[in-house]
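Analysis of the macromolecular model
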Amino acid sequence: MAVEPKNPVLSVRDIHVSFGPNHVLKGLDLDAYRGEIIGFVGGSGTGKSVLMRTILGLCQKQAGTIKLFGLDYDQLDDEQRSATDRRTGVLFQHGALFSALTVKENIQMPMREYLSLSQTLMDELAAMKLSLVGLPMDATDKYPSELSGGMIKRASLARALALDPELLFLDEPTSGLDPIGAAEFDELTVSLSRTLGLTVFMVTHDLGSLHAICDRIAVLKDGKVLAIDTLERIEKLDDPWVRSYFGGQRAISAQHALRTGSGMVNARIEG
Ligand SMILES: Nc1ncnc2c1ncn2[C@@H]1O[C@H](COP(=O)(O)OP(=O)(O)OP(=O)(O)O)[C@@H](O)[C@H]1O
């Protein structure tokens, strides 16, 4: 992994987000560097999705700074924002494909929104994205209702990659997939990150993914990042939630599966 500590792709400082009296994010800081895969964990309702949505501009913050690619998003004009948005991709938890559009049309949505390309070129690009995520070419004219859960995730990933982003947000990408499908999706994520230099910010509850592909894990607790570090160091934290999450039977099974290669991707966590 090529980490460039001086140039975070994403830098979040002192973010506060409230919904009425519910103060969800309370001065949160976070940096992500080029090419790394960050797993973002925390108890249910702690604000993982809220943070992701705030970074993406879908949720309003009351205070704090978000820098994407070194640029303070609040200081950008519309044109600069649009250029910055194009450098990020997102895969929402349930894929969020448009059901009335085919896979190809879904992948081409961001192209239509941000670029001005001929239909022929967009068709070629859509075919490239399909191949990148490992979908067969005959998936191109299918509707989301005709796809399996794993294929929907891949089609959604193809759409997230439509504009060749540098920063990819994944919201629980392996939820709803069986262990083999989840391991295949992990493998795809790590291979895209390594070959394209993609930075991946992944909200997940999947211990298998955390063990198999994440370079660093960020733990959200009490509205802040409690710690962000390698899995080995996070597991040693003296915190009750961390102990029960990473020390439970499911975590032990995930570690065992990684060691024995049963149902997990063959990736190594770099320390
Ligand atoms: N649009 C909204 N309006 C009001 N409250 C919201 C809104 N979105 C999120 N919240 C609240 O913010 C808190 C954090 O929610 P969030 O969805 O980020 O949790 P999470 O950590 O992603 O949880 P989970 O792991 O269960 O998905 C919750 O209390 C939730 O009710």
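See the structure shown above.
Description of the structure in this document. (Residues numbered from 1 in each chain as written. Predicted model: local features only at pLDDT ≥ 70, side-chain atom pairs only at ≥ 80, totals over all residues. Heavy atoms only, no water.)

**A word on the packing of helix α3 (residues 103-114) against helix α4 (residues 119-132)**
Rules: Only the stretch in contact is used when a helix axis is fitted, and all axes are lines through C-alpha atoms; the angle between N-to-C directions ranges over 0 to 180 degrees. Only DSSP runs of H or I with at least four residues qualify as helices, and only runs of E with at least two residues qualify as strands; both kinds are numbered from the N terminus onward. Should the near helix be turned anticlockwise from the far one by less than a right angle, the crossing is termed left-handed; should it be turned clockwise, right-handed. Working rule for contacts: check all heavy atoms of both residues, and any pair within 4.5 Å makes them a contact. Residue polarity is assigned by list, with Asp, Glu, Lys and Arg as charged and Ala, Val, Leu, Ile, Met, Phe, Trp, Tyr, Cys and Pro as nonpolar; anything else, Gly included, falls into the polar class.
Between α3 and α4, the shortest axis-to-axis distance is 9 Å and the interhelical angle comes to 115°. Remark: the crossing between α3 and α4 carries right-handed chirality. Of α4, the residues touching α3 (which contributes Val103, Lys104, Ile107, Gln108, Met111 and Arg112) are Gln119, Met122, Asp123, Leu125, Ala126, Lys129 and Leu130. Taken together, the residues of the contact of α3 with α4 break down into seven nonpolar, two polar and four charged.

**Side note on the sheet that holds strand β6 (residues 88-91)**
What counts here: DSSP bridges decide pairing: two strands pair if at least two such bridges lie between them.
The strand order across the open sheet built from six strands is β6-β7-β8-β3-β9-β10, with neighbouring strands paired in mixed fashion. Bordering the open sheet on either side are β6 and β10 (224-229), each of which pairs with just one other strand. Pairwise comparison of adjacent strand axes, ignoring direction, gives a mean angle of 20° for this sheet. Alignment of strand β9 (residues 216-221) against β10, held across five bridges, turns out to be antiparallel. Bridge pairing in β10 links Lys221 to Lys224.

**A short note on helix α1 (residues 48-55)**
Keep this limit in mind: Whether a residue is buried, partly exposed or exposed follows from its accessible area with a 1.4 Å probe, protein chains only, as a fraction of its type maximum: under 20%, in between, or over 50%, in that order.
With six of eight residues buried, α1 is to be regarded as a mostly interior element. Buried within α1 we find Lys48, Val50, Leu51, Met52, Thr54 and Ile55. Directly after α1, the chain includes Gly57, whose backbone phi takes a positive value near 80°.

**As for the pattern of salt bridges**
Heads up, the rule is: Take a side-chain nitrogen of Lys or Arg and a carboxyl oxygen of Asp or Glu: if they are within 4 Å of each other, that pair is a salt bridge.
Counted according to the given criterion, the structure contains eleven salt bridges. Salt-bridge contacts for Asp31 lead to Arg13; the nearest nitrogen and oxygen are separated by 2.8 Å. With Asp31 in strand β2 (residues 22-33) and Arg13 in strand β1 (residues 8-19), this residue pair connects regions lying 18 residues apart in the sequence. Exposure remark for Asp31: the relative accessible area of 17% places this residue in the buried category. You can call Arg13 partly exposed: its relative accessible area is 35%. Measuring nitrogen to oxygen at the nearest pair gives 3.8 Å for the salt bridge that ties Lys104 to Asp123.

**Observations regarding unusual backbone geometry**
One non-glycine residue, Phe69, lies in the positive phi region at around 55°. For Phe69, the position within the fold is in the loop between β4 (63-68) and β5 (71-72). We note that Asp222 has phi near 50°; this positive angle belongs to a residue other than glycine. By secondary structure assignment, the location of Asp222 is in the loop between β9 and β10.

**Observations concerning the site of the ligand**
Note the following rule: Throughout, the term near means that a residue has one or more heavy atoms lying within 4 Å of the molecule or strand in question. Polar contact criterion, stated in full: a pair of N or O atoms within 3.5 Å, where within protein one must be able to donate a hydrogen and the other to accept it, and residues adjacent in sequence count only if both atoms are side-chain atoms. In short, Shrake-Rupley with a 1.4 Å probe defines the accessible areas, and a residue's cover is counted only from the protein chains shown.
Contacts to the ligand come from 13 residues, most closely from Ser44, Gly45, Lys48, Val50 and His205. Contacts to the ligand include Ser44, whose side-chain N or O atom sits 2.5 Å from an oxygen atom. Between an oxygen atom of the ligand and a main-chain N or O atom of Thr46, the distance comes to 3.2 Å. Expressed as a share of its isolated accessible area of 630 Å², the protein-covered part of the ligand is 59%. If you tally residues by element for the shell around the ligand, the top one is α1, at three residues. Considered class by class, the residues forming the shell around the ligand number three nonpolar, eight polar and two charged.

**Section: the pairing of β9**
Within β9, five of the six residues are buried, which leaves the element mostly enclosed by the surrounding structure. Pairing of strand β3 (residues 37-42) with β9 involves five bridges; the strand directions are parallel. When the bridges of β9 are listed, Phe40 appears paired with Ala218.

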